[in-house]
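Observations on the three-dimensional arrangement
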Amino acid sequence: MAGIRLRGVSKRFAGSVTAVHATDLDFPGGALTALLGPSGCGKTTLLRMLAGLETPSHGSILLGETDITDRPAHLRRFGMVFQSFALFPHLSVAENIAYALAVAGTGKAERRQRADALLDLVQLSGYGDRRIGALSGGQRQRVAIARALAQSPEVFLLDEPMSALDAKLREEMQVELRLLQQRLGITTIVVTHDQREAMTMADRIVVMSQGRVEQSGPPDEIYHKPANAFVADFIGRANFFDGLVGEGGVHVPGKDGESVALSVEPAPAFMSGAPVTLAIRPERACLDEPQGSASRLAARVTFLRDVGSTRDIHLDTAIGPIIVEYAAGEALRPYTVGEQVALFLPASAIHVFAQGVRKDAA
Amino acid sequence: MTIAENATGGSTARGASLPDARTGGLLALGLLIALVCVVPFGLVLVISLGNKIEGAGWEWGLSLSNYSRFFFGIGWPETVSTLYAQKLFYSLYFAVIASLLAVLVAFPFTYLLTRLSRRSQAAWLILLLSSVSLSEVFVVMGWDVLLSNRSGLPMVFRETGITAWLKGNGGLEVLREWGLASPRNIRFKTSAFATILTMVYLVFPYAVILLYPALSRIDPAMMEAARTMGARPLTVIRTVVLPAVRIPVTGAVLLLFVFLLGSYVAITVFAAPAQQTLTISIYESIRGQTINAPFGAAQAVVLLVTAALFLGASSLIAKRSGL
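1. Concerning the sheet that holds strand 13 (residues 259-262) of chain A
Residues and elements named next belong to chain A. Strand order in this open sheet of five strands is 13-12-11-14-19, and the pairing throughout is antiparallel. Of all strands in the sheet, those with a lone pairing partner are strand 13 and strand 19 (351-354), marking the two edges. Within this sheet the neighbouring strands show an average axis-to-axis angle of 40°, counted without direction. Where strand 11 (residues 239-246) and strand 12 (residues 249-253) come together, three bridges link them in antiparallel fashion. Looking at the pairing, Val245 lines up with Val250 of strand 12.

See below:
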């Protein structure tokens, strides 16, 4: 399977809105890449440029070694699943699936055979003669996937494919789509704004914001080594503090006017006095003294939130509010609101970023 | 148990008052419809069975002579004349061709219109809607000037030498065969071409307004999906857009057809005397020189029944083909 490469691709719409700034990206062949970001970050525009539905203002798109920048959508023939599924209501399920074959002039018997094979693939055997209007949301999505795969495309594109499904079905379909993609080994690019969806399905995640790529890499790298505060905030949850690099770590101004020094490992790669943003995941902060070096803070419990699988403990500290998360089953003594506790922030768990724009902390 | 009883009790209590009001309203509405629709038509139907009295109007009657005159001529059964059947034919001929053409032209226009920005769409629609406010008389007058033999386009053709050029290469002969030229110049009055052109112009805005909602409701993603599956732009229109709007398109053709059956001004100005339609002769019979209200009424009934037959047949065909 050929991969796709973007070289300096940008898109500027009339009315001088730059949807995508000059972007270099590699989508490895046979892998599933998720384009992840908040709405309006340019991820859908990027996908549409890949499909040939938008023309890049600058730059080139390469499929393997071939430049396909100026190749129109109907000649690229990348299978695409749309957010609304865009199924044809005047055609039956089988006719929808075989549409690409009908356009290409394939015979009726072969079309039907292929449609039936694809219906088997998406576990809808026997649904070929139904009308689209008689299908549920999940079934429609399967038909849309089968239809996009009918022409055996080199690249499979999906634009927010789960957004029309309810939460439970969404998780099932994420796993199913991932298994299908692995079975077919097809180069796949999924646009999503849901970080759990991206982490469930993707080999690689490209995090985008305001038309730029913030970070790209494997899901665990994105989660555990976020490149900047935006990524740390958008992927999962994080507690944020602003501070200045100084002697023995980062000095975070406290509420009482005295700054608190937090030790950070490895030592921040910033000049002394540089303003930085710190992030720590709620599950990495702890209430028992951990192994390795950690900063100790006095804290007061302000709120307890038990959602079954996890327990959040909201704390008030000298440097501001912090949330600590424990998984259910982790040994933890009961706490009460108002109780004074000791909070430990392990030095290796604190991410240090240059101060910049980030989404408001969750 | 108590809940069930309460529910039944409630519904009977409501049932006593509400249906009464509804029945009363329906009855009043039915009476109104009967008054403004059925009564005039009934009157026309009854008059059509009456007899003309020479020089003194008409009297009630129960004869079918007006209908036999319509289909076989006044001298029937000795002689047969199909004069009025021909007029009926031309009524249908002009209405069918003009309504089909109007929708044929309006379809690509409206399709492209829905691709424009919201603002330009609104501007175009306002322009079209305001042109609807022009009366038929005014529109026909405009085309009358534009197509008149002395001062309109034929004059322009003659003065610019196009006529002479056409004479030289035999083009004028071809146009003469089509009824669009005299031996000396191009001539639009009178011609079926000018009649149909004006009729199409008259109903074009209606055609756009009838097609616009359906075309603008099509999900653009459906067309894009077709493109990603290898469909060229024209294939997209044929396989995605047209099937999605076939019901509104059929509806538009039928509505314009019925509307155009009643054209009057365009026919009187542009149609050749041999191609005059029923609307003209109905008017002649009722207000013109040969006053004969019963015969005019019979013609009106025939026209109405024909329109109804056309609508019935097309809805039957639509049902058969699974629309």
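Further notes follow.
2. A short note on the sheet that holds strand 3 (residues 32-36) of chain A
Residues and elements named next belong to chain A. Read across the open sheet, the six strands follow the order 6-7-8-3-9-10; overall the sheet is mixed. On the outer flanks of this sheet lie strand 6 (79-81) and strand 10 (212-217), each paired with one strand and no other. For this sheet the average axis-to-axis angle between neighbouring strands, irrespective of direction, equals 15°. Bridge analysis of strand 7 (residues 155-159) against strand 8 (residues 187-192) gives five bridges, and the strand direction is parallel. Within strand 8, the residue paired with Leu157 across the bridge is Ile189.

3. So, the packing of helix 10 (residues 220-228) of chain B against helix 11 (residues 233-261) of chain B
Residue and element names in this part refer to chain B. Helix 11 packs onto helix 10 with a crossing angle of 135° between their chain directions and a minimal axis gap of 10 Å. Between helix 10 and helix 11, the angle falls in the class oblique. For the element pair helix 10 and helix 11, the recorded crossing hand is right-handed. Contacts between helix 10 and helix 11 involve Met222, Met223, Ala226 and Arg227 from the former and Val236, Thr239, Val240 and Val241 from the latter. Partitioned by chemical class, the residues of the contact of helix 10 with helix 11 number six nonpolar, one polar and one charged.

Cut-offs applied
Residues numbered from 1 in each chain as written. Chains lettered and ligands numbered in written order. Predicted model: local features only at pLDDT ≥ 70, side-chain atom pairs only at ≥ 80, totals over all residues. Pairing = 2+ DSSP bridges. Helix = DSSP H or I, 4+ residues; strand = E, 2+ residues; numbered from the N terminus. Axes fitted to C-alpha atoms, helices over the stretch in contact; angles between N-to-C directions. Parallel < 35°, antiparallel > 145°, perpendicular 65-115°, else oblique. Left-handed = near helix turned anticlockwise from the far one by under 90°. Contact = placed C-beta atoms within 7 Å. Nonpolar A, V, L, I, M, F, W, Y, C, P; charged D, E, K, R; others polar.

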